[in-house]
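One letter stands for each residue in the lines below.
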Amino acid sequence: MERRLIATPIDLSGSPARHRRERLVRGVFFGAAAFSVVISAAIVLSLAGRAVSFAIHVDPGALWTDGWSPRRGQYDLRTIVGGTLVVTAIAMLVATPLGLGAAIYLSEYAGPRARRRLKPIIEILAGIPSVVMGFFALSVVAPDLVQRLWASAPLFTLTAAGIAVGILVTPLVASITEDAMHAVPGALREASVGLGAHRMTTSLRVVFPAALSGIVAALIIGISRAIGETMVVAMAAGGTGSAQGFASLEPGQTMTAAMASLATGSDQVKGAALTFEALFFVGMLLFLITFALNVVSERFVRRYRNRY
């Protein structure tokens, strides 16, 4: 008689204990993501209430005065927004060439041993406390650089603050840019060299365009970091509770430094009726600016990102 082999089904669902662990890990990760969303929403809501109250009750003429002096009812946004833009522009003028130059060297010219040694040093420099950089700006940048170039400049200037912020941002730009350039496939470099291109040509015309999305993202992150810097500007720009202008070679204020100098040591700022609410309005404005930068960065990366 013929004997027939009957195939029995194999259970491929896996161990129940393993599925329980997977569900537990998934729940932990979902909880972490949900918690970050809740915290972000809570921050926005905490700002929105008093910011809207300020926008409703403030006299529009107080937003366009001779300076930022909220304790006296002067809420000139041009002063602090202009100071923020000046410091950010100077910082990126410093950080962009230095950061991109360091990234190109590490990615295209440095050997494996040099890269292993220099890359961690650059990443450590990115973590320098801003208060240390503020002291460096006061003791070195302002007297030995700014005042040597412009003899009439005072010790506290937006230029000194911008240079110090640029030094602080440089390692961040260099690290992210180097990661983007290092991720470019070596086949593109080999093809360029095979066609007779020099290393500089390969770096600037092949690798750099291929990593453009990551480089732009690094620069936008650097801009966001410069806009949000507080301690360096508060120490080096001569920021007090008020400011009269945003000339680069004069003392001034940025949005973050204005908030810090006004609210330091107190949960209720004394002054004009809307002085305390002005802090929330500036904070909401700062949030919207950084949010817009992040949106622009995300869209640019998605549009121009190259997949290899």
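Rules and cut-offs
Residues numbered from 1 in each chain as written. Predicted model: local features only at pLDDT ≥ 70, side-chain atom pairs only at ≥ 80, totals over all residues. Heavy atoms only, no water. Axes fitted to C-alpha atoms, helices over the stretch in contact; angles between N-to-C directions. Helix = DSSP H or I, 4+ residues; strand = E, 2+ residues; numbered from the N terminus. Parallel < 35°, antiparallel > 145°, perpendicular 65-115°, else oblique. Left-handed = near helix turned anticlockwise from the far one by under 90°. Contact = heavy atoms within 4.5 Å. Expected span 1.5 Å × (residues − 1). Bend = angle between axes of the 7 residues up to and from the residue. Buried < 20%, exposed > 50% of the residue type's maximum accessible area, 1.4 Å probe, protein only. Patch = residues over 30% accessible without salt bridge, like charges linked within 9 Å, V, L, I, M, F, W, Y side chains within 5 Å. Areas by Shrake-Rupley, 256 points an atom, 1.4 Å probe, with all protein chains shown as cover. Salt bridge = Lys/Arg side-chain N within 4 Å of Asp/Glu carboxyl O.

(A) Looking closely at the packing of helix H5 (residues 158–182) against helix H8 (residues 212–228). Relative to each other, H5 and H8 sit at 160 degrees, their axes nearing to 9 Å. With respect to H8, the axis of H5 lies roughly antiparallel. Remark: the crossing between H5 and H8 carries right-handed chirality. Every residue of H8 that contacts H5 at Val165, Leu168, Val169, Leu172, Val173, Ile176, Thr177, Ala180 and Met181 is listed here: Gly214, Ile215, Ala218, Leu219, Ile221, Gly222, Arg225 and Ala226.

(B) Quick look at helix H1 (residues 16–57). Taking 1.5 Å as the rise per residue, H1 with 42 residues should run 62 Å; its terminal C-alpha atoms sit 61 Å apart, in good agreement. A bend of about 25 degrees at Ala48 is the largest found in H1. Listed as buried for H1 are Leu47, Ala51 and Phe54.

(C) Layout of a nonpolar patch on the surface. A cluster of nonpolar side chains, contributed by Tyr105, Tyr109, Leu118, Ile121, Leu125, Met200 and Leu204, occupies part of the molecular surface with about 640 Å² of accessible area. Those elements that provide at least two residues to the nonpolar patch are helix H2 (77–109), helix H3 (112–125) and helix H7 (199–210). Per element, the largest residue contribution to the nonpolar patch is three residues, and it comes from H3.

(D) Seen up close, the pattern of salt bridges. Tallied over the entire structure, the rule returns eight salt bridges. One salt bridge in this structure joins Arg115 and Glu178, with 2.6 Å as the shortest N-O distance. In this pair, Arg115 sits in helix H3 while Glu178 sits in helix H5, placing the two residues 63 residues apart along the sequence. Overall, the relative accessible area of 21% leaves Arg115 in the partly exposed class. One salt bridge in this structure joins Arg225 and Glu229, with 2.6 Å as the shortest N-O distance. Residue Glu229 is classed as buried on the basis of its relative accessible area, which comes to 3%. What emerges from the salt-bridge pattern is a single network uniting Arg115, Lys119, Glu123, Glu178 and Asp179.

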